[in-house]
Protein chains: 2
Amino acid sequence: MKDAMVVFQPSGMRGKVPLGETLIEASRRLGADIESLCGERMLCGKCKVRIEEGRENLTEFQREEGNFISLAERKGGLRLACAAKITGDVLVFVPEETRASKQAIRKAPTKRPIKIDPAVKLYPLTLKEASIEDPLGDCERLNQALEERYGLKNMSLDLEVLKSLGTIIRKGNWEITVSIWNSRELIRVQPGRVTNAYGLAVDIGTTTVAGYLCSLATGEVLATYSLMNPQVTYGEDVMSRIAYHMMHPDDGLHKMSQAIVEALNSLVVNTVKETSLTPDDIEDMTVVGNTAMHHILLGINPEYVGTAPFPPAIHHSIDVKARDIGIRINPSSYIHILPIEAGFVGADNVGLLIAEEPYKKKPICLLIDIGTNGELVLGNRDKLMSSSCATGPALEGAQLTFGMRAAPGAIERVIIDPETHEVNFKVIGRDEWSKYSRPGEIKAKGICGTGVLDSLAELYRAGIISKSGAFSKTQRSKRYRINQENNQPEFVIAWKEETSIGRDITISLKDIRQIQLAKGAIYTGCKLMMRKRGIDSVDRIILAGAFGSYVDPEKALIIGMIPDCDLKKVYSVGNAAGDGARIALLNKNKRAEADRIAKQVEYIELTVEEDFQMEFTYSLQLPHMRDTFPHLKGIVPDDS
Amino acid sequence: MKDAMVVFQPSGMRGKVPLGETLIEASRRLGADIESLCGERMLCGKCKVRIEEGRENLTEFQREEGNFISLAERKGGLRLACAAKITGDVLVFVPEETRASKQAIRKAPTKRPIKIDPAVKLYPLTLKEASIEDPLGDCERLNQALEERYGLKNMSLDLEVLKSLGTIIRKGNWEITVSIWNSRELIRVQPGRVTNAYGLAVDIGTTTVAGYLCSLATGEVLATYSLMNPQVTYGEDVMSRIAYHMMHPDDGLHKMSQAIVEALNSLVVNTVKETSLTPDDIEDMTVVGNTAMHHILLGINPEYVGTAPFPPAIHHSIDVKARDIGIRINPSSYIHILPIEAGFVGADNVGLLIAEEPYKKKPICLLIDIGTNGELVLGNRDKLMSSSCATGPALEGAQLTFGMRAAPGAIERVIIDPETHEVNFKVIGRDEWSKYSRPGEIKAKGICGTGVLDSLAELYRAGIISKSGAFSKTQRSKRYRINQENNQPEFVIAWKEETSIGRDITISLKDIRQIQLAKGAIYTGCKLMMRKRGIDSVDRIILAGAFGSYVDPEKALIIGMIPDCDLKKVYSVGNAAGDGARIALLNKNKRAEADRIAKQVEYIELTVEEDFQMEFTYSLQLPHMRDTFPHLKGIVPDDS
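Here is what the cut-offs are and how they apply
Residues numbered from 1 in each chain as written. Chains lettered and ligands numbered in written order. Predicted model: local features only at pLDDT ≥ 70, side-chain atom pairs only at ≥ 80, totals over all residues. Helix = DSSP H or I, 4+ residues; strand = E, 2+ residues; numbered from the N terminus. Buried ≥ 20, exposed ≤ 12 C-beta atoms within 10 Å, placed from the backbone. Contact = placed C-beta atoms within 7 Å. Least-squares fit on C-alpha atoms with pLDDT ≥ 70 in both. Nonpolar A, V, L, I, M, F, W, Y, C, P; charged D, E, K, R; others polar. Pairing = 2+ DSSP bridges. Axes fitted to C-alpha atoms, helices over the stretch in contact; angles between N-to-C directions. Domains from an automatic or database assignment.

**Q** How should the overall build of chain A be read in this particular structure?
**A** Broken down by element type, chain A carries 15 helices and 27 strands. Considered along the principal axes of its C-alpha atoms, chain A spans approximately 100 × 65 × 50 Å. For chain A, with 640 residues in total, the buried portion stands at 52%. Contacts in chain A between residues far apart in sequence, at least 24 positions, make up 69% of those at least 6 positions apart.

Next up, the structure:
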């Protein structure tokens, strides 16, 4: 098969690619990152590129491309990179807004008291040297010493340990330190005396992967590292990735598995780099992630997680040899993957649970974990229920006119003056708010989830939009206008002088509708679960997750994303899922607790609940049922 | 680095090889097999080749080569292929006697009654289909059904099974058959109803590898396949291979491991080929082999097995995932490797024990397993002792003037007429004895172990050699002569017309001395163990092993290799080690029995026994201590 030369501008990435590849596949191959939020299904329109030369060397313009590309744009050479297949040489320009940029990583570990009782423990040993009178084998000699010295019996021994056992025993001159996993298996033997072992706790988010390198002796976090989940090139959300697997049955799953495995290996290398350790010194590892991330990491067919009744392949936690999935740490070590509650409530939620322990407390707690998907847990020591809600990609910035991920240049905070309707905003990567900056310095590129949420709340608080989400007929802000191209009402957040894309960044009515759908899904979930439990209010609300942790609780309350609650009782706990992974790494009893709890939590499939559709429709309003939100009094205008 | 062109004649194998490789390395690379009995250490002289062109393109003739190559031969272009390194193009002639030929494989399974109770069992299951009301995960659903239907609890599940579990359950329309290993782990799930599982029992000999494909339901042997242990190119015997590892610390062990793993994969493919099965249908596998073969297969450093006090890395049996060592059968299956008694009494001997079960019987039994190494077990239900004896390579044909392996063309049986001193012999691959053949038809190439042993016994019985092994001064056979080249007395077994090598095949005094050393080692071992047990005779003698099984018991008695015994009480049990592997494959309780017995057998290190040297010196005579061999009366000439 012949190749074609493809050049991407402005990065200058270039190279030969096989004929028949799409432009987005070519961009991956050549390292020119192009956004793809929908898993290359021509659904998100985020991968628009301009063909500078060689338009005739691409397959024909498809009907679906027309949903995102106007006739004029088409004449200007615009194509969707996921639609256009290469038939010859092309020169492609990737506009600023199409370029995938490095995610702002905000998954710091939280300080939590953790009882140290790791699964991997060290045992120093002195062996009697073998002789003609006592020619017992190395393994049996070791086991004999373990029993005599520590009362440990019948330890099994991984083959990789056995391979070099003789050499190491003699290198240590019959003094060694053995690492034992779960009082069951020898996973490492080192010459001489060793006093500390290390482990890595990992949180695999749909978008972000974070790793915490810990001392198993003290629990100290020695290094933290995060990176983007490289699977995003195969689809932004869980369903897109499952779809990618189903549309590429030969190698889709394998490619996505490999991508995350390589990301984990990169975490390993990058965390140990900050210390004097080597990857082999990582002797234990725990992983949390949603059910799809869990399945894809392990190479398990995720198809059925994406189809009703959404059964996972397995609920229980799994201990898998690191080498069996290609993770390069101490070769005999296991990776402990936390249990799954249900198809849409995964090990990440279990991590949150063992970190927050609502099942040990009396107050009724509502845990809202909003990442790329929304997961809810309601309950206390008597009973826990969980559910998931399809927030859609709007909170991640997808499907919004100027939506983007939480990356540098994204507007993340917005304040609108109720009097002047002037906007003050802050972009990621810049400390100064727009009010205190010269326009040219700001370089906003789009709006990320929290910025979108802030905008909605502020537009509402300032009276610019009404309870229904529609722009108020009476307001006369100069930022309000009807977009001439699509005839949509919109509100300007950033003027083009304040951007790096040379266009005003706006929130359109259509965008507002998307956010209403997302917040309504979460609110409906909370509401239905509370009804099931027979309560009208909760004692506390915990916001967690990559997105949830960064939400301003007041704003969330204003738009009616969370049930009414005293704001003093709303907590943001950061990356609690990652903390759960860390807790499980440092305390083996918490692993058992996780399995027990995951089994106890009752999963509620919201969509089959009575009145679901009606409740959902109600919940779209801002804020839903004012009278049920007494804590908003004085914060938003009173409709009465 | 530059390459050189190397051509091997008469095979015509040719190709580029890197400069600096020895001729024997080049021969392996190019597929021209050259014998190497000593592990390429210039010790056996078996790899002589003649350089036809390009003598100047090899490194200098070494002193050690002079031990095997006379000055005249050297002028004729002879070199040792393991000594000469390539510095430029060469044309090499490989003489007939240097060519490694395919071993005659004689390891048929023996008919033995075996109770069928395999480690892998099949369980058919019907699952309830998942629904919104019952969205339990596939794995938990399966486990629930296993418990309800069969009372099996807490089965673990291999990751490879989990990967396709969902797909298979739905392919079988919620009817499946699961394979469970040791009532503990799910290693396979198949759609629908399956009634039979299969396993492979393997005997890894130093020289020969044999595999028996069995039905786990009936025990029937469906296919048998044997091949040469490809490690022979790295050294003929165990010590040579350990030496190869020590001289090639970077990759010697890895190369030898890979070689045997590929041989096992070849066994798998070749056994299933005779049936309608695929490699994935092999769901269990057992392996026996001596300690070094065991260690090398598993990639365990075998160094310490070769050095006093010879401790193995492990005694206990091992269950290792087939995939962990690269064996391609059902990916979740285990390989069970039988336990080891001591550094020189390995899992092959344990196989022999569980096949013969001397520990269950009252008569005192002496088991003599002669392969490339000699292993002895003495005892009964009260007590078992084992030891090993260094038979040296003579019984395998090495270090003898015309010695060769048991391959086509090897003289394997010899009868000498006591009157005429005429020789009647039989070569492997030809049914007619030489007496009934025309000389040109016979094409003898050398003498293998049994032929050597026969020769010695017949020379002695015919009075051609005396009790001491020296040629009798009074005999006047026309086959007896003094070799003019080396001044050694020798006896012609085959005249050059009867050979394919164009030279008389002889047994020299030096050869006789080698065999005396070998048989003396075995006899000394038997004698010292009997002394330790406090007995003068045994109730039965069992001959086993690749070599032992083919020995003519009468000849073994004549030369004093075995203690005196009624010949009716001497049994040859064929490849009992392989039978042991088969028994362990078909009955999991025999695995536990093997571990128990291996631990109970007391290993005796003969060389440190009192009087060892003196006993050994006595035992060199033929037959040693006539008066202690009453059963030889009338068979050999009476010295008295």
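Continuing now.
**Q** Would you take a moment to explain the environment of S388(A) for this structure?
**A** Residue and element names in this part refer to chain A. Structurally, S388 is set in strand 18 (residues 383-389). For S388, a count of 27 C-beta atoms within 10 Å corresponds to the buried category. As a C-alpha pair, S388 and L376 span 12 residues in sequence and 5.9 Å in three-dimensional space. Other than its neighbours up to four places away in sequence, S388 contacts F344, V345, N373, G374 and E375.

**Q** When you look at the relation of the copies chain B and chain A in this model, what are you seeing that I'm missing?
**A** Turning one copy of the chain about an axis and sliding it along that axis gives the other copy, so a rotation and a shift relate them. Rotating chain B by 180° and translating it 0.1 Å along the rotation axis places it on chain A, where the RMSD comes to 0.1 Å. Both copies are brought into coincidence by an operation consistent with a two-fold rotation axis. When each C-alpha of chain B is compared by its distance to the rotation axis, D324(B) comes out closest, at 4.3 Å. A share of 100% of interface residues in chain B that are also interface residues in chain A marks the association as one of identical surfaces.

**Q** What should I look at first to understand the interface of chain B and chain A in this one?
**A** The extent of an interface is frequently quoted as the accessible surface area lost upon association of the parts. Facing 37 residues of chain B, the contacting portion of chain A comprises 37 residues. Every element with two or more residues in the side of chain B that touches chain A is listed here: helix 3 (138-150) and helix 4 (159-171) of chain B. The biggest single contributor to the side of chain B that touches chain A is helix 4 of chain B, with 7 residues. Split into classes, the residues belonging to the side of chain B that touches chain A amount to 21 nonpolar, 10 polar and 6 charged.

**Q** Can you walk me through the sheet that holds strand 21 (residues 446-447) of chain B in this structure?
**A** Sheet strands line up and pair through hydrogen bonds in the backbone, either parallel or antiparallel. Residue and element names in this part refer to chain B. If you trace the 3 strands from one edge of the open sheet to the other, you get 20-19-21, paired in mixed fashion. A strand with exactly one partner marks an edge of an open sheet, and here the two such strands are strand 20 (423-427) and strand 21. With 2 bridges connecting them, strand 19 (residues 410-416) and strand 21 associate as parallel partners. Directly across from I411, in strand 21, lies its bridge partner I447. Sitting on the sheet, helix 10 (residues 449-461) touches strand 19 and strand 21, and the angle it makes with strand 19 is about 15°.

**Q** Before we go on, may I ask you to explain the sheet that holds strand 7 (residues 156-157) of chain A in this structure?
**A** Residues and elements named next belong to chain A. One open sheet accounts for 4 strands, arranged 6-8-9-7; its pairing is mixed. Single-partner strands in this sheet number two, and they are strand 6 (120-126) and strand 7. In this sheet, strand 8 (residues 175-181) lies alongside strand 6 in antiparallel orientation, the contact comprising 7 bridges. Within strand 8, the residue paired with V120 across the bridge is W181. Against the sheet, helix 3 (residues 138-150) touches strand 6 and strand 7, its axis set at about 100° to strand 6. Strand contacts of helix 4 (residues 159-171): strand 7, strand 8 and strand 9 (185-191), with the helix running at about 30° to strand 9, the strand carrying the most contacts.

**Q** Explanation requested: the domain arrangement of chain A in the structure shown.
**A** All names here are of chain A. Domain annotation of chain A identifies domain 1 (3-98), domain 2 (120-191), domain 3 (198-347), domain 4 (357-392 + 516-632) and domain 5 (394-509). Once you take the C-alpha centre of each, domain 1 and domain 5 turn out to be 29 Å apart. Across the contact, 4 residues belong to domain 1 and 6 residues belong to domain 5. When the residues that make up the side of domain 1 that touches domain 5 are grouped by side-chain class, the tally is 2 nonpolar, no polar and 2 charged.

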